[in-house]
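Examining the three-dimensional arrangement
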Amino acid sequence: MNTFYSTYAVLLKDAQSELRTRYAVNALVMFVVTAAVIVQLAIRSELPSSAVLSGLFWVVVFFAAMSGLSRTFVSEEERGTSMTLQLVASPSAVYFGKLSFNIVLTLLLNSAITILFTVVFPGFVVETFGTFLLTVLLSSIGLASTSTILAAIIAKANTKGTLYPVLAFPILIPLLMTAMRATTRALDGEPFGNAAEEYQILISYIMVITAGSYLVFDYVWKD
Amino acid sequence: MKLVVANLAKEFNRRAIFSDVSFSLELRDSLAITGMNGAGKSTLVKILAGLLSETRGSIEYSVDGKAVPVDMLRDQIGLVSPYLMLYDEFTAKENLSLLSRIRSNSFQIEDRSRELLQQFGLWEKRDEFVRTYSSGMKQRLKFVFALLHQPVLLFVDEPTSNLDEEGVSLVRDVIEQQKKDRILVVATNIHEEAGWCSKRIHLKKI
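Residues numbered from 1 in each chain as written. Chains lettered and ligands numbered in written order. Predicted model: local features only at pLDDT ≥ 70, side-chain atom pairs only at ≥ 80, totals over all residues. Heavy atoms only, no water.

Here we look at the overall build of chain B
A count of helices and strands for chain B gives six helices and nine strands. Computed over C-alpha atoms, the radius of gyration of chain B comes to 17 Å, within 12% of the 17 Å expected from 2.2 N^0.38 for 206 residues, which places it in the range of a compact globule. Dimensions of chain B along its principal axes, counting C-alpha atoms only, are 45 × 35 × 35 Å. Within chain B, buried positions represent 52% of all 206 residues. In the form shown here, chain B has an accessible surface area of approximately 9500 Å², with 45% of it arising from carbon and sulfur atoms. (Helix = DSSP H or I, 4+ residues; strand = E, 2+ residues; numbered from the N terminus. Rg over C-alpha atoms; globule rule 2.2 N^0.38 Å. Buried < 20%, exposed > 50% of the residue type's maximum accessible area, 1.4 Å probe, protein only. Areas by Shrake-Rupley, 256 points an atom, 1.4 Å probe, with all protein chains shown as cover.)

The structure is reproduced here in structure tokens:
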């Protein structure tokens, strides 16, 4: 019960801090808008296939996430507050609190990218809404889970900016490939059940990454 | 509560910071950790507070004769240190409330935080952002934060840094109070501050 309350308190603290400082949100919004405009300028009046559009969608999600999701731990380290947090909260409360915050942030980010893609690209029309919704939901959790543990690892490094995407990319390849496949199915209007294999992969991915992260977080956080 | 430290050693990248540190503390004990800059005073405090792992040796906390991991003593440990920062984007009151909530003991802090903020002369400034505080006010707020949950074990690293005369006197009162029935550990270079404690260990630079 205490860990649950503590986790909620960490999430609340991060949300309030983000509303005041806008450390992550500013980076995310700037990146998403810039990336969408560049892609739109490159494509112009072409009508790309659903596979290309879903690829572009997840490319923007990946790089936007890389630009903003590490802030949860990096900002604590830069401001010297990570030890304060370590003093008052158990590692599991910190991990799940930060993970919850990153999930919320990723869901907001993906919603914004979806709206932007729908407005900017006429071909980006979600035919099977259920498939798209579940794919975005599961992928957001997977992306947030990977980003959270990597952010904790790189927060203490000197070359944070470059290290983060370099470490994240190989780990996120299975998630991104699966998410792209499922998104293509959603854009093509395939029935919800056709993406069952993708859902299974995404759920397994979340379980493996979250369990692994939880097990190693104590060591990462302490030293 | 009892703390027994035996043959403690710490290395960073195979470079020894200190080695063979041993002592024991019980209720009403106070320990001064002295040593030159770089001798490992702050590192030792961090290890004792459970913020860093030791390389060798052992630290054993026990309550009523039963060994308790330091991670389970989070609500009994207080720490004041130059490397422990509070959140600049929050007010003093918000900092205390948010951090107590994370520590899961927010239900008992209202009266206590008022009392401590008044004692440390910060009550009038409680709704101002910490980023607007002077370094001395931040140091006072760190004491308020450390004492909020009435810790059994109080670690103080450089207790009077950035404080004016009035601040030093307040810290002195806190230290005297803590020594009466609890445990106090002070890391300092200042001879007078080391004299506040009944025990002393001196770390030599390796």
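We are not done yet, so read on.
Quick notes on the packing of aromatic side chains
Applying the stated criterion across every chain yields a total of 19 aromatic pairs over all chains. The interplanar angle of 50° and the centroid separation of 5.8 Å between the aromatic rings of F73 of chain A and F217 of chain A together place this pair among those described as tilted. One end of the pair, F73 of chain A, is in helix α4 (residues 71-79); the other, F217 of chain A, is in helix α9 (residues 196-222), with 144 residues separating them in the sequence. Residues F73 of chain A and F217 of chain A agree in their burial class; the two are buried. Ring geometry for F120 of chain B against F143 of chain B: centres 6.0 Å apart, planes inclined by 15°, an arrangement best described as stacked. Residue F120 of chain B is located in the loop between α3 (109-119) and α4 (135-147), and its partner F143 of chain B is located in helix α4; the two are separated by 23 residues in the primary sequence. (Phe/Tyr/Trp six-rings, centres within 6.5 Å; stacked < 30°, edge-to-face > 60°.)

Some points on α9 of chain A
Residue and element names in this part refer to chain A. A rise of 1.5 Å per residue sets the reference length of α9, with its 27 residues, at 39 Å; its end C-alpha atoms lie 39 Å apart and thus fit the reference within 8%. A bend of about 45° at V216 is the largest found in α9. Looking only at α9, the buried set comprises E198, Y199, L202, Y205, I206, I209, T210, S213, F217, V220, W221 and K222. In this fold, the buried residues of α9 make contact with α4, α5 (82-88), α6 (91-120), α7 (129-154) and α8 (160-188). (Expected span 1.5 Å × (residues − 1). Bend = angle between axes of the 7 residues up to and from the residue. Contact = heavy atoms within 4.5 Å.)

Some remarks on the environment of S113 of chain B
All names here are of chain B. Examined against the element boundaries, S113 turns out to sit in helix α3. Each C-alpha atom of the pair S113 and W123 lies 9.1 Å from the other, and the pair is ten residues apart in sequence. Setting aside anything within four residues of it in sequence, one finds S113 in contact with L96 and L148. Of note is the side chain of S113, whose polar atom sits 3.1 Å from the backbone oxygen of E110. (Polar contact = N/O pair within 3.5 Å; in protein donor to acceptor, adjacent residues only side chain to side chain.)

As for the environment of N95 of chain B
Residues and elements named next belong to chain B. Turning to its location among the elements, N95 is positioned in helix α2 (residues 92-102). Spatially, the C-alpha atom of N95 lies 24 Å from that of S169, the residues being 74 residues apart in sequence. Aside from chain neighbours lying at most four places away, what touches N95 is L86, Y87, F90 and V130. Polar side-chain contacts of N95 include one of 2.9 Å to the backbone oxygen of Y87.

Section: the sheet that holds strand β4 (residues 56-63) of chain B
Residues and elements named next belong to chain B. Ordered in space as β2-β1-β4-β5, the four strands form an open sheet in which the pairing is antiparallel. Edge strands, defined here as strands with exactly one partner in the open sheet, are β2 (15-26) and β5 (66-68). Each neighbouring strand pair of the sheet contributes to a mean axis angle of 30°, computed without reference to strand direction. Two elements, strand β1 (residues 2-12) and β4, share six bridges in a ladder whose sense is antiparallel. Paired with A9 across the bridge in β4 is R56. Docked against the sheet, helix α1 (residues 41-48) engages β1, β2 and β4, running at close to 125° with respect to β1. (Pairing = 2+ DSSP bridges. Axes fitted to C-alpha atoms, helices over the stretch in contact; angles between N-to-C directions.)

Looking at the pairing of strand β3 (residues 30-35) of chain B
Taken residue by residue, a regular strand's side chains alternate between the two faces of the sheet. Residue and element names in this part refer to chain B. Of all six residues in β3, six are buried, a share of seventy percent or more. On β3, burial covers both faces: S30, A32 and T34 on one face and L31, I33 and G35 on the other are all buried. Here β3 pairs with strand β8 (residues 183-187) via four bridges, running parallel. Bridge pairing in β8 places A32 opposite V186. Taken together, the five bridges between β3 and strand β9 (residues 199-203) define a ladder with parallel strand orientation. When the bridges of β9 are listed, I33 appears paired with I201.

Focus on the interface of chain B and chain A
The partner chain A presents 26 residues to the 27 residues of chain B that form the contact. Applying the counting rule to chain B against chain A returns two salt bridges. A salt bridge links E89 of chain B to R79 of chain A, with the nearest nitrogen and oxygen atoms 2.4 Å apart. For the pair chain B and chain A, the number of links is twelve residue pairs in polar contact (both at pLDDT 80 or more). Mapped by element, the contributors of at least two residues to the side of chain B that touches chain A are β6 (77-80) and α2 of chain B. Per element, the largest residue contribution to the side of chain B that touches chain A is five residues, and it comes from α2 of chain B. In terms of residue class, the side of chain B that touches chain A is made up of 15 nonpolar, four polar and eight charged. (Salt bridge = Lys/Arg side-chain N within 4 Å of Asp/Glu carboxyl O. Nonpolar A, V, L, I, M, F, W, Y, C, P; charged D, E, K, R; others polar.)

Overview of the confidence of the model for chain B
This prediction gives chain B a mean pLDDT of 93; 99% of its residues lie at or above 70. For this predicted complex, the interface confidence reaches an ipTM of 0.90, while the overall pTM sits at 0.90. (pLDDT = per-residue confidence, 0-100.)

Regarding the sheet that holds β8 of chain B
One key point about sheets: their strands pair by backbone hydrogen bonds, in either a parallel or an antiparallel sense. All names here are of chain B. Here we have five strands laid out as an open sheet, ordered β6-β7-β8-β3-β9, and parallel in their pairing. With partners counted over all chains shown, the strands left at the sheet margins are β6 and β9, one partner each. Averaged over neighbouring strand pairs, the angle between their axes works out to 15° when direction is ignored. In this sheet, β8 lies alongside strand β7 (residues 153-157) in parallel orientation, the contact comprising five bridges. Counted as the bridge partner of D157 is A187 from β8. Contacts from α4 reach β6 and β7 within the one sheet, and its direction differs from that of β6 by about 175°.

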